[in-house]
Amino acid sequence: MAILANMKNKEVASVFGEIADLLEINGEQAFRVNSYRRVARTVKDLTKDIEELSRDGGLAALQGVGKASAERIQEYLTTGKIAMHQDLMAAMPAGLPALLKISGMGPKKVALVWKSLNVTGIEDLKRAIASGEFAALKGMGAKSVEQIAKGIELLENSAGRTPLGLAWPLAEELADAMRAVKGVRRVEIAGSLRRGAETIGDLDLLCEADDGAIIVGAFTTLPQVKRVLANGDTKGSVLVERRDGADIQVDCRVVPGESFGAALQYFTGSKEHNVRLREIASKKGWKLNEWGLFDGDKRLAGTDEAGIYEKLGVPFVSPEQREDRGEFDLREIEPLIELSDIRGDLHCHTTASDGTADAEAMARAACDRGYEYIAITDHSKSSAVANGLAIDRMWRQIEMVRSLNKKFDKITLLVGCECDILADGSMDYPDNLLAACDFVVASVHSAMKQSRDKVTGRILSAIENPYVTLVGHPTTRLINRREPMDLDMEAVISKAAETQTALELNSSWQRLDLCDRHVRMAVEAGVKIAIDTDAHSIAQFDQMRYGIATARRGWVRAKDVINTLHLPLLRKWIAKKRSR
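Let me sum up the structure you'll find in this document. (Residues numbered from 1 in each chain as written. Predicted model: local features only at pLDDT ≥ 70, side-chain atom pairs only at ≥ 80, totals over all residues. Heavy atoms only, no water.)

All told, the structure shown has five aromatic pairs when counted by the stated rule. Here the aromatic rings of Tyr309 and Phe316 are separated by 5.3 Å at their centres, their planes lie at 50°, and the arrangement is tilted. Arg520 extends its terminal NZ or CZ atom over the ring of Trp555, reaching a point 3.7 Å from the ring centre. Between Arg545 and the ring centre of Trp168, over which it is positioned, the NZ or CZ distance is 4.4 Å. (Phe/Tyr/Trp six-rings, centres within 6.5 Å; stacked < 30°, edge-to-face > 60°. Lys NZ or Arg CZ within 6 Å of the ring centre and 35° of its normal.)

Following this line, the structure appears as structure tokens:
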């Protein structure tokens, strides 16, 4: 039920965010646009079920939610839509809101091309770029147009792929619904989601049951289903709406118990991993498919996954490792990192910059999750859009966080900052301020289109700083929205290993930066990783699981991650670099 409640909160937040975008496209005054954005942020970051708040009469008491907004929230909860939102959508071309999904195309640019060039969709925009009309508009330039053209390409290339953070909660919701169906003995999520892939094609569910037709019928009539694509005796396919409004296909297969392990292995994949397994079986004169491992008509294995791997004489690796990237050559299976190994979060934001909860609330939420410590790492002064802290404010922040520690006995707040790496490679704060912090995250937030040599040089310069503990979201990518910087990752990893600087695996599902390949490169080079959430709200602490999934895809063990250390050992590790 918690997942369903959280989804409802996100639905409401999404609608209010869209209202703000549509108002801005229409040229409404900034204060009105921003009022809807504030409501969207408030609702998105709620830890309570908004329907429960509504029943208790608590909507109007929410920060930034006035009487009119509270009424519109109630309207959505009652009818599933908001008339104002529907009217705004109807008043403009249907293809216009889709332009907002293109990197570099905010509401103002969408309004500009609509009103100046009568662009009403992506194809119109592509023609305006090709003809040079877009670049000729006031305020546009060749670099901006080039960025938007790349954004269109990225959007089209990623079409049909669902980010992990959108797919996982939805899959769990559907799996829970199927577990409640009479006659279902077991339900597992399979496919690329089980492997922790950063984007997902379709969702795959496996159900163990006897009467496939009845189970498939129950699946195709779930309340989440928008359209039924197939309805057979052992498989059903449907379209379900993601929380961002796009559709995703979900397949449900019903298999008997004696084949469940084989089916789970087969439909988990990857294709490359399965090809290797079938080749191994074939060399032994056996046949492997989704029904089991067979020697002629004799079933050798299939009830569980482990039995198949054992019979074939190959390592039984975790789903995240099944990509044919060396897993068949393993001689020893080392346990991969688990969510329970994490002892703290080293990248968190508060209301001091652009977070939605103050440091005390973030600390209490982290304590509730069993953490030993968190680092409060608000933005530095050059991140003006994120309300970055000027130097005098940062000194006061340091004093405040140290004082706040006196209120807690089960968790420690580390004084930190997320310090911008500026365009010339210098740090946004002076060394004496960085030295006063316990933990420093150094991140790039600007000039990301610089040449490979320049962006790499900036990162290397930051790594050389003795007070920089961690490089945050190193490539700056946003999945399906912004390409990574053109970074020499080998040089960055080499310098990090040399200086004992950690690299971040940012667990935000929009980032997952470092990616699985780079995190494996880093660990193999002896670089320590920090798996953080970059939380800007209490709810975002829950994104840690996405980082763990990515880490497991990179074969990361608990010993490779600094925030699996108990606090005294973490402090000792931090001190090593500073002593250099």
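Next up on the list: unusual backbone geometry. With an omega of 0°, the peptide bond between Gly269 and Ser270 qualifies as cis. For Ser270, the location among the structural elements is in the loop between α12 (260–268) and α13 (271–283). With a phi angle near 55°, Asp324 is a residue other than glycine that sits in the positive phi range. Residue position: Asp324 is located in the loop between α14 (305–312) and β11 (344–348). Relative accessible area serves as the criterion here: at 30%, Asp324 is assigned to the partly exposed category. We note that Leu512 has phi near 40°; this positive angle belongs to a residue other than glycine. (Helix = DSSP H or I, 4+ residues; strand = E, 2+ residues; numbered from the N terminus. Buried < 20%, exposed > 50% of the residue type's maximum accessible area, 1.4 Å probe, protein only.)

This brings us to helix α16 (residues 391–404). Here α16 is 14 residues long and its end C-alpha atoms lie 20 Å apart, about the 20 Å a rise of 1.5 Å per residue gives. By the burial criterion, the buried members of α16 are Met394, Gln397, Ile398, Val401 and Leu404. Along the axis of α16, the buried residues cluster in a sector spanning 135°; they form a single face. Residues of α16 that are buried in the fold lie against α15 (359–368), β12 (373–376), β13 (412–420) and α17 (431–436). (Expected span 1.5 Å × (residues − 1). Arc of directions from axis to C-beta. Contact = heavy atoms within 4.5 Å.)

On to the environment of Asp341. Here Asp341 lies in the loop between α14 and β11. A relative accessible area of 24% places Asp341 in the partly exposed class. In the structure, Asp341 is positioned 170 residues away from Arg511 in sequence and 22 Å away in space, judged by C-alpha atoms. When near neighbours in sequence (up to four residues on either side) are disregarded, Asp341 contacts Leu336, Ala558, Asn563 and Thr564.

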